[in-house]
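Observations on the three-dimensional arrangement
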Amino acid sequence: LRFFMLASVPPSLTWDEVALGYNAYSLAIDGKDEFGRFLPITYLESFGDYKPPVYAYLTAPFVKFLGLNEAAVRFPSALFGTLTILLTYLLTKKIFHSSPESKKEILGLLSAGILATSPWHILLSRAAFEANVASFFIVGGIYLFLVSLERKWFLPFSVVSFVASMYTFNTARFFVPFIVIFLFLKFYKTLLFKIRFQTIISFFLGFLIFLPLFLFLLTPSAKLRFAEVNIFSDPEIVELANQKIANDNNAVWSRIINNRRVGYSLSYVKHYLDNLSPEFLFIRGDGNPKFSIQDAGQMYIWEIPFFIFGILVLFRKREGHWLLIPVWILLGLLPAGVARETPHALRIETILPMFQILTGYGLFHTAVAISNIKYQLKYLILALSILFFIFNFLYFVHNYFTHYPKEFSGEWQYGYKEAMKFINENESKYDKVHITQALGRPYIYFLFYSQYPPSRFRENANVFRDAAVFTHVAKI
C-alpha cells in the first residue's frame, strides 16, 4: 500500500518534492545544497521556504543508487511510513504495559493493522512529505522513552529521535517540547531518582544537538513560513474588531468584548476544533486533495463506533500509561490551531497513531462485549463488520489507484515532467526557452529532469531575493 506504483501514484511530483529531490541530488554530488551551502544543518533554502534538511539527507542515498526520479524522492516517506506501523505495534504494547500479554499482543496488532490500512497514513506515506518522517521520529522517541523507564540507557536515543523530528518538520518544533514536558512531569520521580545520570546525559545531549536549530529559529528567515500561514497575521480579525467597536460608538464594554485578542482567541479555538470535525475525519477528509481523495475521510466510516467506544472505555479503565493518548492528541493539535487552513491532515500528522490505537482499543473491547451474545447473533455481527471494513477499504483503494491520479493531477503539478522532456529534446534548436511562472516554479523541474549539474546552476543562474526574503530564479 505504500510502495506499489509509488512513482506514478500520485501522478507527478509537486515542486516541494522536486526541490527536496534536487537538493538530495546536489548533496550527494558535492555535499552542498541547491544554492551552495555546505552540509546545511538547520535549513534548505527553497523558494523562500526554509525547509528542514533531514528529508533531503535521507533521500540522498536513494537518489545516488536509484537515480534522480520519482521513486527515489518518495522512497524515504514510504519506508519510514512502513516502519511507523512496526513502531505502532511496539508502542501500543508499551502504553498498555499492565494488561495481560495476550491482550497487549492483540491491541498492538489491531492498532498497527488499522494504521497500515489508514487512508490518512497511506496518502502521506506515498509522497515526499517531511511530516511523515517526523511522525516516525516522534513515535520512536516516545516508544524509546517508555522503554527507558525499565532499560535506562534507551533515554539518550529517545532524545535524539525527538530532536531529529524537529530537524525534519516545522510542526514537530512546536509539539515536541510540549510532549517532552508532559513526559517529564508524569515520570519525574523515575527520571530524577532512578535514572538520574542517564537523564542528565540525555538533557545535555539534546541541548547540544538542538542548539543550532534554536539559534536558527530566532532569525527572520525561520519566521517567514509561520508569518505566511498563521491566523495572527490575518488582518480581517482586526478589521472586524475595529468595525464592531465603531458600531458601538467606541463604548468601553465593546472595546473589552470585541477586543482583537478575543477575536484571535476565538479564531484559535475554531481552527483547533476544525481538526476534530466528523466530516474531516470520516466523510470528506482534508479539503486539499494532496491529503485526501475527497470521497473518503481521513479515517474509515467503519471506525466510528469503535473509535467512540475506545475513548469511553479508555477513560473508564485507565490502563497502563493511558493518559498519554488524550494528552498526545490535545498537544498535537496545538500548532495546527494557529494555522489559517484548517482542518489540515499534514500539520496534525503528529497525532498519529493515537486515533488508530483508540480504534483498536475500542474494537478489542467491542469483541469482548459481544462474546457473551447468542452464538448466531455474535457471528452475524462479526460477518457484517468484516464486510463493511472490506467495502470501505476496497472503495478507498480503487478510487486512489484508479480515479485519483487523473481526477486530481493538477494538484500534483502534472505536466511539468512532460514539458521538461520536450525542452530537453528540442532546446538545441533554439537560442532561448521561455517558461511561464504563472503555474508555479518551473526552474526546479528543469534542474531535476535534466539532471542539471548543481555547480553549473550555482555559477550561471540569475538568482535574487526580494524584500520578503523569498528566493527567485529568473534565468538559467
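Preceding this paragraph is the structure being described.
This write-up is about the structure you can find in this document. Source: prediction; values computed, not measured.

For the structure on display, the rule yields eleven salt bridges. Put simply, glutamate 45 and arginine 465 hold a salt bridge, and the shortest N to O gap is 2.6 Å. Residue glutamate 45 is found in the loop between helix H1 (15-30) and helix H2 (54-66), and its partner arginine 465 is found in strand S1 (residues 462-465); the two are separated by 420 residues along the sequence. Arginine 465 gets classed as partly exposed once you look at its relative accessible area, which sits at 43%. Put simply, Lys93, Glu101, Lys104 and Glu105 are held in one network by salt bridges that share partners.

Here we come to the packing of aromatic side chains. Any two aromatic rings considered together are summarised by their centre-to-centre distance and by the angle between their planes. Per the stated rule, a full pass over the model turns up 37 aromatic pairs. Seen from their ring centres, phenylalanine 3 and phenylalanine 75 are 5.1 Å apart, and the 55 degrees between their planes marks the pair as tilted. Placement of phenylalanine 3 in the segment before H1 and of phenylalanine 75 in helix H3 (residues 70-95) is noted, with a sequence separation of 72 residues between them. Overall, the relative accessible area of 35% leaves phenylalanine 3 in the partly exposed class.

Time to look at helix H6 (residues 130-148). For H6, spanning 19 residues, the distance from its first C-alpha to its last is 27 Å, which sits close to the expected 27 Å at 1.5 Å a residue. H6 sits mainly inside the fold: 19 of its 19 residues count as buried.

Let us now look at the environment of phenylalanine 4. By the element assignment, phenylalanine 4 lies in the segment before H1. When its relative accessible area of 52% is taken as the criterion, phenylalanine 4 is described as exposed. Sequence separation of phenylalanine 4 and phenylalanine 401 is 397 residues, and the distance between their C-alpha atoms is 9.6 Å. Not counting chain neighbours up to four residues away, the residues in contact with phenylalanine 4 comprise Arg126 and Phe401.

A word on a nonpolar patch on the surface. On the surface, a cluster of nonpolar side chains totalling about 1000 Å² of accessible area is made up of Val160, Ile200, Phe203, Phe204, Phe207, Leu208, Ile209, Leu211, Phe214, Leu215 and Leu218. Ranked by the residues each element gives to the nonpolar patch, the list is headed by helix H10 (residues 196-217), at nine residues. With respect to the helices and strands, the residue leucine 215 is situated in helix H10.

Two measures define how a pair of helices packs: the angle their axes make with one another and the distance between the axes. One can describe the packing of helix H4 (residues 101-116) onto helix H18 (residues 354-370) by two numbers: an axis separation of 8 Å at closest approach and a directional angle of 130 degrees. Classified by the angle their axes make, H4 and H18 are oblique. You can see that H4 and H18 cross each other, and the crossing is right-handed. Contacts between H4 and H18 involve Lys103, Ile106, Leu107, Leu110, Ser111, Ile114 and Leu115 on the former and, on the latter, Gln356, Ile357, Thr359, Gly360, Tyr361, Leu363, Phe364 and His365. Looking at side-chain class alone, the contact of H4 with H18 contains nine nonpolar, five polar and one charged residues.

What follows covers the packing of H3 against H6. Contact pair H3 / H6: the axes reach a minimum separation of 9 Å and the direction vectors enclose 25 degrees. Classed by the angle they form, the pair H3 and H6 counts as roughly parallel. At the point where H3 passes H6, the crossing takes the left-handed sense. For the pair H3 and H6, the contacting residues are Pro76, Ser77, Phe80, Gly81, Leu83, Thr84, Leu87, Leu90, Leu91, Lys94 and Ile95 in the first and Asn132, Val133, Phe136, Val139, Gly140, Ile142, Tyr143, Leu146 and Val147 in the second. Classifying every residue of the contact of H3 with H6 by side-chain character gives 14 nonpolar, five polar and one charged.

Right, let's talk about the nonpolar core for a bit. One broad rule of soluble globular proteins: the nonpolar side chains tend to lie buried together. Within the largest apolar cluster, 121 residues are counted, with the highest numbers of intra-cluster contacts made by Leu91, Trp120 and Ile142. In terms of residue count, the dominant contributor to this core is H6 (13 residues).

Let's shift gears to the environment of aspartate 248. Structurally, aspartate 248 is set in the loop between helix H12 (235-247) and helix H13 (252-257). For aspartate 248, a relative accessible area of 26% translates into the label partly exposed. Those residues in contact with aspartate 248 that sit more than four places away from it in its chain are Trp253, Ser254 and Asn258.

Residue position: asparagine 23 is located in helix H1. Setting aside its immediate chain neighbours within four residues, asparagine 23 contacts Asp33, Glu34, Leu44 and Ala56.

So, about the side chain of lysine 93. Within the secondary structure, lysine 93 is located in helix H3. Among the polar contacts listed, one links the side chain of lysine 93 to the side chain of tyrosine 89, at a separation of 3.3 Å. Not counting the four nearest positions on each side in its chain, lysine 93 is found in contact with Glu101, Lys104, Glu105 and Gly108.

Parameters at a glance
- Residues numbered from 1 in each chain as written.
- Predicted model: local features only at pLDDT ≥ 70, side-chain atom pairs only at ≥ 80, totals over all residues.
- Heavy atoms only, no water.
- Salt bridge = Lys/Arg side-chain N within 4 Å of Asp/Glu carboxyl O.
- Helix = DSSP H or I, 4+ residues; strand = E, 2+ residues; numbered from the N terminus.
- Buried < 20%, exposed > 50% of the residue type's maximum accessible area, 1.4 Å probe, protein only.
- Phe/Tyr/Trp six-rings, centres within 6.5 Å; stacked < 30°, edge-to-face > 60°.
- Expected span 1.5 Å × (residues − 1).
- Contact = heavy atoms within 4.5 Å.
- Patch = residues over 30% accessible without salt bridge, like charges linked within 9 Å, V, L, I, M, F, W, Y side chains within 5 Å.
- Areas by Shrake-Rupley, 256 points an atom, 1.4 Å probe, with all protein chains shown as cover.
- Axes fitted to C-alpha atoms, helices over the stretch in contact; angles between N-to-C directions.
- Parallel < 35°, antiparallel > 145°, perpendicular 65-115°, else oblique.
- Left-handed = near helix turned anticlockwise from the far one by under 90°.
- Nonpolar A, V, L, I, M, F, W, Y, C, P; charged D, E, K, R; others polar.
- Core = buried A, V, L, I, M, F, W, Y, C linked by side-chain atoms within 4.5 Å.
- Polar contact = N/O pair within 3.5 Å; in protein donor to acceptor, adjacent residues only side chain to side chain.

Remember, this is a structural readout, not a statement about activity or role.
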